[in-house]
Amino acid sequence: MPTSTTDRTPARVTPRALDATPEADGTTRRRVLELVAGEGPVSAAELADRLGLTSAAVRRHLACLEEDGTIAVHDGGPSSGRRGRPARRYVVSTRGQSDLAGGYSELAAQVMRHLRETGGSEAVARFAAERYDAVVARYAPRLTAADPEGRAGQLADLLSDDGYAASVRPVSGPLLPTVQLCQGHCPVQHVAEEFTELCEAEARAFSELLGTHVQRLATIAGGAHACVTNVPTVTTQVSPQNLPTPAHRIRGTQEGTR
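As a starting point, this report considers the structure included with it. Because the structure is a prediction, the values reported are computed rather than measured. (Residues numbered from 1 in each chain as written. Predicted model: local features only at pLDDT ≥ 70, side-chain atom pairs only at ≥ 80, totals over all residues. Heavy atoms only, no water.)

**Here we look at the overall build of the protein**
In step 1: Broken down by element type, the protein carries nine helices and seven strands.
In step 2: Within the protein, the proportion of its 258 residues that are buried is 40%.
In step 3: For the protein, the computed accessible surface area is about 14,300 Å², with 52% contributed by carbon and sulfur atoms. (Helix = DSSP H or I, 4+ residues; strand = E, 2+ residues; numbered from the N terminus. Buried < 20%, exposed > 50% of the residue type's maximum accessible area, 1.4 Å probe, protein only. Areas by Shrake-Rupley, 256 points an atom, 1.4 Å probe, with all protein chains shown as cover.)

Shown next as structure tokens:
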């Protein structure tokens, strides 16, 4: 029997317009939130391209996330001067960070408070240092690149595997060749807001792992939408007096590469 015309016609692949079920809706919305954390500031069109959805469907998810306060429109500063209305770009809010972290942050904060009450600030600093010593021991064998930029990319992959939504982004026109290691999510954000020793120990661990002095420009715990660490792409001498500390004075600021 001859094959019908319909049978011979190849299926046309098009972006999905809407999710079919409430369960799929929730799964897709969670994926949108995770991508905003990892890629933000990001536009609806960019998210649609990543997810294989129509821009209309993505905008529907973004509107819901914005309405419940888990994402916010990013203030990108002055216009680039290009004609036309700039696309809205989104970042994760403090509430969104909490949703991504799960329900254990308050318990962790209570444990840290108990540690400080019983052992003092020195005990907290010692715990933070030991925590990131373990991170260094686990990550170091897997950072095989010879240069800081390559190692930063490998470190971003390892951090992403551990839930930090990390990426490496170039910096335009620095005096010293530099990239920025960005972490779009911090699983310990609410604890780090109270116990800054965690941010300090993490920055020191990055410096040790990358083999160069790094500078923490912004932190989620300090009010920014991402943790941003400047990484020189040429090796600089690292000494105990030259180790980085987070820029707590910078609140709500972020890398200028987007």
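**A word on the sheet that holds strand E3 (residues 89-92)**
In step 1: On the basis of which strands lie adjacent, the open sheet formed by three strands has the order E1-E3-E2 and antiparallel pairing. Each edge of the open sheet carries a strand with a single partner, namely strand E1 (42-43) and strand E2 (71-73).
In step 2: Judged from the two bridges that link them, E1 and E3 form a sheet pairing that is antiparallel. Paired with Ser43 across the two strands is Arg89, which belongs to E3. (Pairing = 2+ DSSP bridges.)

**Some words on the layout of surface pockets**
In step 1: As a volume, the second largest pocket reaches approximately 270 Å³.
In step 2: Looking at the second largest pocket, it is lined by 14 residues, and the ones nearest its centre are Arg31, Glu34, Leu35, Gly38 and Ala165.
In step 3: With seven residues, helix H2 (residues 22-39) is the largest single contributor of residues to the lining of the second largest pocket.
In step 4: Along the lines of polarity and charge, the residues of the lining of the second largest pocket split into five nonpolar, four polar and five charged. (1 Å grid on protein atoms, 1.4 Å probe; cavity = no way out; pocket = protein on both sides within 12 Å on 5 of 7 lines; lining within 4 Å. Points joined across faces, edges and corners; volume = space filled by probe spheres on them. Nonpolar A, V, L, I, M, F, W, Y, C, P; charged D, E, K, R; others polar.)

**Some remarks on the nonpolar core**
In step 1: Counting 28 residues, the largest nonpolar core has Tyr132, Tyr139, Leu155, Leu159 and Leu181 as the members making the most contacts within it.
In step 2: Where this core is concerned, the elements lending two or more residues are helix H6 (105-139), helix H7 (148-161), strand E5 (178-183) and helix H9 (197-210).
In step 3: If you tally residues by element for this core, the top one is H6, at eight residues.
In step 4: Excluding its chain neighbours within four sequence positions, the residues that come into contact with Tyr139 are Leu155, Leu158, Leu159, Asp162 and Leu209.
In step 5: Membership of the second largest hydrophobic core comes to 19 residues, among which are Val32, Ile71, Tyr90 and Val92. (Core = buried A, V, L, I, M, F, W, Y, C linked by side-chain atoms within 4.5 Å. Contact = heavy atoms within 4.5 Å.)

**Focus: the sheet that holds strand E6 (residues 215-218)**
In step 1: Taken together, the four strands give an open sheet; going across it, the order is E4-E5-E7-E6, and neighbouring strands pair in antiparallel fashion. The open sheet terminates on both sides in strands that have one partner only, identified here as strand E4 (166-170) and E6. Ignoring which end each strand starts from, the neighbouring axes of this sheet average 30° apart.
In step 2: Sheet topology note: the E5/strand E7 (residues 227-232) ladder contains six bridges and is antiparallel. (Axes fitted to C-alpha atoms, helices over the stretch in contact; angles between N-to-C directions.)

**Side note on the pattern of salt bridges**
In step 1: This structure, assessed with the given rule, holds nine salt bridges.
In step 2: Put simply, Glu39 and Arg50 hold a salt bridge, and the shortest N to O gap is 3.1 Å. Placement of the pair is Glu39 in helix H2 and Arg50 in helix H3 (residues 44-51), with a sequence separation of eleven residues.
In step 3: Looking at Glu39, the relative accessible area reads 26%, which means it is partly exposed.
In step 4: Residue classification places Arg50 among the partly exposed positions, given a relative accessible area of 47%. (Salt bridge = Lys/Arg side-chain N within 4 Å of Asp/Glu carboxyl O.)

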